[in-house]
Structures are given as structure tokens and as C-alpha cells.
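Read off the chains here:
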Amino acid sequence: MSETRPKRRIPFWLTLSVMANLLLVGLLIGMALRAPDYGRGPEGVEGRRPPMLEGANPEDRMVVRKMMMETFRSAEAEMEDRRVVRKTLGEALQIDPYDPEAVRRAFASLRIADEVVHSKIQESLVHRMSDLTLEQRKSLAEMLAHEPGEGRGPRRMRMRDGDDSLPGPPPVDD
């Protein structure tokens, strides 16, 4: 007589656990093998390097990034005020029935808040740029000559799945 051996099956949860562990190990190895200067900014700040700083030498990059971070910190109060104005805009958009005048006022307030933030940052930059060398200021001038995101390829906004057309201008009010 021949004996039939029972088939051994691997439990579903064991398979899932092994896959999760392999994924975790892969992520850890990937993090360990990435470039040593990847994501390191001044004072240990993590983040990807802005594309506009790619051509600068590492020392200039660090000086410019540190200067920009300090400049943004100087405008924290103004940026918090702008967040409040954005929240007000969000609330105005949710009024039912829709109140175009409230939205218009909220957008006007947002423009003013944006201007205050930009003015504060730009004034701080004016004072901080005196600390830069001529070469660093030339690098910064080159960076500022381009629009944010310029050179990264066309960006398209899709309104729904399957819509491959480029967005057009807003509708004209008659």
C-alpha cells in the first residue's frame, strides 16, 4: 500500500509577514546605500536639493540654503497670518448659498497677505546678500533668473481620468 503524504501549505499570514519584512529590509538597504550628501541641508535639515542649486558647488549650496532658511524663519509670523487668511478663504468657499463677494474679499486679503510675506522675505534677503561673495551672488542671480520648476518638463493638470488635453484658459464671463 502506498501512503499519501499530506500537502504542506504555507499559511497566508506567514507569507504576508515574510513579504512585509522583505520590503522593510529593502527600504533599509536602499536608505543605507543612497548618496551620502542626499537630503542633507544646513543644520541637519532633511530634504531634496532644489533643482536650481544643482549646478552650484556644495559650499555655495549650503551657504545659499542656510541663508534662505534663515530668511524664511524671519517671516514666520507673516506666514502664520497668511495661513489664517487661507483658512478664511476656505470658509468663504463653503458658504451656502455661495457668496461671490465674500470670496472676492478673501482673495483680496490673500493677495495682501502674500505681498506682506514676500516683502518681508525679500527685505531680509537684501540684508543677508551682503554676506555672500560675488561668485555666490552670481550663482543666486542665475537661480533667480528662472521661474520655479522651469526646465522640469511640461506640467499638465488633468481634470478627470482619460482627459489628456492641456488645460485651457478660464471661461470668459459675458
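Reading the values: the criteria
Residues numbered from 1 in each chain as written. Predicted model: local features only at pLDDT ≥ 70, side-chain atom pairs only at ≥ 80, totals over all residues. Heavy atoms only, no water. Helix = DSSP H or I, 4+ residues; strand = E, 2+ residues; numbered from the N terminus. Buried < 20%, exposed > 50% of the residue type's maximum accessible area, 1.4 Å probe, protein only. Contact = heavy atoms within 4.5 Å. Areas by Shrake-Rupley, 256 points an atom, 1.4 Å probe, with all protein chains shown as cover. Phe/Tyr/Trp six-rings, centres within 6.5 Å; stacked < 30°, edge-to-face > 60°. pLDDT = per-residue confidence, 0-100. Core = buried A, V, L, I, M, F, W, Y, C linked by side-chain atoms within 4.5 Å. Lys, Arg positive; Asp, Glu negative; His and termini not counted. Salt bridge = Lys/Arg side-chain N within 4 Å of Asp/Glu carboxyl O. Arc of directions from axis to C-beta.

## Remarks on the overall build of the chain
Line of reasoning, step 1. Looking only at helices and strands, the chain features five helices and zero strands.
Line of reasoning, step 2. Starting at the N terminus and walking to the C terminus, you meet the elements of the chain as α-α-α-α-α.
Line of reasoning, step 3. Looking at the chain residue by residue over its 174 residues, the buried ones come to 20%.
Line of reasoning, step 4. Across the chain, contacts joining residues at least 24 apart in sequence account for 53% of those joining residues at least 6 apart.
Line of reasoning, step 5. Only carbon and sulfur atoms are counted for the fraction: they give 58% of the accessible area of the chain, which is about 14,700 Å².

## Notes on the packing of aromatic side chains
Line of reasoning, step 1. Taken as a whole and judged by the stated rule, the model has one aromatic pair.
Line of reasoning, step 2. Each ring, one from Phe12 and one from Trp13, has its centre 5.1 Å from the other, and the planes form 70 degrees; the classification is edge-to-face.
Line of reasoning, step 3. Taking the relative accessible area as the measure of exposure, Phe12 reaches 56% and is therefore exposed.
Line of reasoning, step 4. Owing to a relative accessible area of 63%, Trp13 belongs among the exposed residues under this scheme.

## Observations regarding the confidence of the model for the chain
Line of reasoning, step 1. Summary statistics for the chain give a mean pLDDT of 76 and a share of 68% for residues scoring 70 or more.
Line of reasoning, step 2. Mean pLDDT across the elements of the chain bottoms out in helix 5 (residues 134-144) (77) and peaks in helix 3 (residues 76-93) (92).
Line of reasoning, step 3. A low-confidence stretch, residues 42-46 (pLDDT under 50), is modelled with 12 contacts involving residues beyond four sequence positions or located in other chains.

## Some remarks on the nonpolar core
Line of reasoning, step 1. Counting 10 residues, the largest nonpolar core consists of Val64, Met67, Ala75, Met79, Val117, Ile121, Leu125, Leu132, Leu140 and Met143.
Line of reasoning, step 2. Looking at this core, the elements with two or more residues in it are helix 2 (58-74), helix 4 (100-128) and helix 5.
Line of reasoning, step 3. For this core, the leading source of residues is helix 4, giving three residues.
Line of reasoning, step 4. Ignoring any residue separated from it by four or fewer positions in sequence, one finds Met67 in contact with Leu125, Arg128, Met129, Leu132 and Leu140.
Line of reasoning, step 5. Counting residues in hydrophobic clusters, the runner-up holds eight residues, among them Val85, Leu89, Val103 and Ala106.

## Some words on the side chain of Glu78
Line of reasoning, step 1. Structurally, the position occupied by Glu78 is in helix 3.
Line of reasoning, step 2. Among buried Asp, Glu, Lys and Arg side chains, Glu78 stands out as unpaired, with Lys120 the closest opposite charge at 4.3 Å.

## So, helix 5
Line of reasoning, step 1. For helix 5, the full list of buried residues reads Gln136, Leu140 and Met143. Here the buried residues of helix 5 occupy an arc of 55 degrees about the axis, which is enough to place them on one side.
Line of reasoning, step 2. For helix 5, the secondary structure elements touched by its buried residues are helix 2.

## Notes on the pattern of salt bridges
Line of reasoning, step 1. Enumeration according to the criterion identifies five salt bridges in this entry.
Line of reasoning, step 2. In this structure, Glu70 engages Arg128 in a salt bridge whose closest nitrogen and oxygen atoms are separated by 2.8 Å. Here Arg128 lies in helix 4 and Glu70 lies in helix 2, a separation of 58 residues in the sequence.
Line of reasoning, step 3. Arg128 gets classed as partly exposed once you look at its relative accessible area, which sits at 26%.
Line of reasoning, step 4. Notably, a salt bridge pairs Glu80 with Arg83, separated by 2.8 Å at the nearest N-O pair. On the criterion of helical spacing, the pair formed by Glu80 and Arg83 is a turn pair, its members being three residues apart in helix 3.
Line of reasoning, step 5. On the accessibility criterion, Glu80 (40% relative accessible area) is partly exposed.

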